[in-house]
Amino acid sequence: MIAGILVAIVPWQPGWLNGIDRSLFVLSSYLVEAPKGASNMGLVEVEDAEITQWQSNLYDAGKLAALLSNILHSSGATVGLLLDAPLRDHTEQVDSLLAKLAAQKPSRAQRQAAEFIERKELLVELLNDPRVVIGVLDSTPEPAHPVTQESNLLSVFPAPVRSWLWPLTNASEHRFTKNDIPQHTAILPHSSEQALLLGDPLSGDAAAGFIAQFIASVEGRGKVRSDNPWNMVWRQDRGLDIDTRLIPLSAAGTLLPYNATTQRMHPLLNTMSLEEGLARGAFPDFVLIGRAGNPALEQLAATLFSVVNQHLAITPWWQAFTSPLLTILITLVLVAVIPRLTVMSGALSLLLIAVALLVSQLVFAVARGIWLPRAEQLVWMLVGFGLIRLWVSYRHSWQQLQTRADSACLFQVAGLLDSGQLKDVKPILDQCDSSNDVLQKYYDLGNAYSAKRQYRYAIEVYQALVVRQPDFRDTEQKIKALEAMVATPEVPVLKPSNVEATLVLSKANIERPVLGRYEIREELGRGAMGIVYLGFDPRIARQVAIKTLNYGQFQPRELENIKSRFFREAEAAGRLTHPSIVSVYDVGEESDLAFIAMDYVEGKALNAFIDPNCLLPVFEVYRIIADVAVALEYAHNSNIVHRDIKPGNIIYNPSPYQVKVTDFGIARLMDDSKTNTGEILGSPLYMSPEQLKGKRVNATADVFSLGVTFYQLLCGQLPFSGDNLASLTYEIIHGKHKGVRTVRKDLPSSASRITNQCLQKEAQDRYESAGELALVLKKAIKRDFAHEARKAGYL
């Protein structure tokens, strides 16, 4: 890309590129009709000896004077005299000699002197005729310089920059005067930027001033005198204005004559010898006199024919802008398109572009007379294609090596993950490329750390994944959730209770303590009714959570009711098989305690995320509550009301994502035979008004409790509070909660609508079911959190 920009903006071009453009211009001339019939251009070919005599002794050039006199007096032709060197003028010496001879007595010498003076005066008069233009071949006099009428604001820039930027100023008009054109105008190759360039760039010969003076003489027809300025103005955006004639020129001052390209385009010239010229009585409108056999004479005649008949092409000023832009566009194609194609497709594509450029170039040249050099673009396409293919080949080889290395790394990583050697995985992945397979292994490693509760390591892995690809799946959501997990304070370890005393064995014991067939590994937590342990089922090699109920902490008269309620949890949960409800595997009773073996769920209870400083992302809260609502709808359809929905009874694991509803310990079967009123069961902070009143409850009581949980997870505070149970009960039954967006202004409007309807005092004003609440939450997720949901794979 950098090389293409340099090619576009650097104005210098090697000569061989100009040679390609010249060849293309010659090719375009074959689409132009060749001149037919005789032209109005005559050539007088003078032998070498006669030319040499003219050059050595101007005043003895009798045949030259006779030829000029015959042409000028017998026709209105404009004559171009082409010599090998400037005419030598010894006027002062010759005049002094002739004056002395004339002062003597009449004699033959005096008569010869008088004739010499007469020839001299005649030749000088003829050479000074406005219709005679003298050009010198193979000489290096100063070329013609125009007089700039306006101050050039670009003079401070280098010449290449001025030639490219000149349209930005109005200092582009140059006017010539007679004194600006040397007496003996040169025809020679040169590159003077300030000189008027008129000539044939195809052969490399630029006639500086000769053709301009010749055309000025044609247009002037005697109107130009020594005391009057030449009416000649060069405008870079148009060309050369000579009286009423406009010669179109390129911005650099050059012209492209079609008739000077090939022999086919040369006009039919009226060629004659010196003797024929002296004997003729009529001449064409334009006559060139020069050395016989000089190819430059015929080439200059063809150029003059093109200028006079307007058979020209020009390179417009805007080519200086469009050519770099076209080069940059071609570079973009080379960089952005060609690497994605096969070699054959890329070559064919560039071939079509090259053909389009050539066709447009020829059409512009033939139809409009506009020549747009395209050699730079064509050569750059060829060179750029070769460079791109080399780069693609190198890149393909490198990618193959990288793929092989990545395959070996992934094979090694898979073995380490299977064996649980997680710490050795990340250094290996850091050396791999960012392919989808490698990114997936990063993701799997983060999940493995999360499953082992090594949250800080998981965050480190996920952050490395985000650096490689920020939007990979739900990585950012996992980082936020795990950071909230890390910010949550650990549950303090309580002193051993009587329950533990019945389970913990002395260090001398070989076997672990058991409940039924389950080995006790460690304590997971404590609740109002007992302790929860991590157990192991040796029969099927599965970890389980074991919830215990110690009979010793209850009064004998309460024990039967407590035992009934405890086993009712097993009965209720055992009837439920749902991915978001903790599964009950077994229930048992020892002499002093009862226990339930249930599914062991990784993660934390949601009460770890109710502090304002460690709240979960809002989308994550929506998703969790929606999944809990779906689980409750399933339980309600099984005639089971949970009655104690709260953050502590919802287990959440961010990676891999999982939500489980637990503790159906006070769930009541909604059969008439087992449903009583007048009882208050559950946590008062999350209870519905009808529950606090001791009325019969249904599914809408769980909707209310879930709404309180939703509110607390969003805001970090409860919608109802009180100093004691009485004031709390009054607030829940009669008080009005603050709007959720009043507490936290960045929440979407859906949060306010959903919580308000969930927390209605009357059961019939809430959502009819938990399923309806789940649908509302899912619609809100699609509307308010579409981006996060797609990343997490939720949508």
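A.B. asks: Honestly, the sheet that holds strand β16 (residues 514–515) in this entry has me stumped. Any pointers?
C.D. replies: Pairing in this open sheet of six strands is antiparallel, and the strands run β16-β17-β18-β19-β21-β20 from one edge to the other. Here the strands that pair on one side only, and so sit at the sheet edges, are β16 and β20 (584–589). Alignment of β20 against strand β21 (residues 593–599), held across five bridges, turns out to be antiparallel. Among the inter-strand pairings, Gly-588 is bridged to a residue of β21, identified as Phe-595.

A.B. asks: How should I be thinking about the packing of aromatic side chains in this particular structure?
C.D. replies: Centre distance and the angle of the planes are the two values used to describe a pair of aromatic rings. Scanning all chains against the criterion turns up 13 aromatic pairs. When the ring of Tyr-449 is compared with that of Tyr-457, the centres are 5.3 Å apart and the planes differ by 25°; the resulting orientation is stacked. Measuring from ring centre to ring centre gives 6.2 Å for Phe-619 and Phe-785, while their planes differ by 45°; the resulting arrangement is tilted. Taken together, the positions of Phe-619 in helix α20 (residues 618–637) and Phe-785 in the loop between α26 (770–784) and α27 (786–791) put the pair 166 residues apart, joining distant regions of the chain. Accessibility assignment for this pair places Phe-619 and Phe-785 in one class, buried. Through pairs of rings, three or more aromatic residues link up here, namely Phe-619, Tyr-622, Phe-710, Phe-785 and Tyr-794. Taking the ring centre of Phe-283 as reference, the NZ or CZ of Arg-280 above it sits at 5.7 Å.

A.B. asks: Would you mind going over a nonpolar patch on the surface with me for this structure?
C.D. replies: Together, Met-1, Ile-2, Ile-5, Leu-6, Ile-9, Val-10, Leu-329, Leu-332 and Val-335 make up an exposed nonpolar region whose accessible area comes to about 820 Å². Secondary structure elements with two or more residues in the nonpolar patch: α1 (2–9) and α11 (319–336). The element contributing the most residues to the nonpolar patch is α1, with four residues. Secondary-structure assignment places Ile-5 in helix α1.

What counts, and where the lines are drawn
- Residues numbered from 1 in each chain as written.
- Predicted model: local features only at pLDDT ≥ 70, side-chain atom pairs only at ≥ 80, totals over all residues.
- Heavy atoms only, no water.
- Pairing = 2+ DSSP bridges.
- Helix = DSSP H or I, 4+ residues; strand = E, 2+ residues; numbered from the N terminus.
- Phe/Tyr/Trp six-rings, centres within 6.5 Å; stacked < 30°, edge-to-face > 60°.
- Buried < 20%, exposed > 50% of the residue type's maximum accessible area, 1.4 Å probe, protein only.
- Lys NZ or Arg CZ within 6 Å of the ring centre and 35° of its normal.
- Patch = residues over 30% accessible without salt bridge, like charges linked within 9 Å, V, L, I, M, F, W, Y side chains within 5 Å.
- Areas by Shrake-Rupley, 256 points an atom, 1.4 Å probe, with all protein chains shown as cover.
- Salt bridge = Lys/Arg side-chain N within 4 Å of Asp/Glu carboxyl O.

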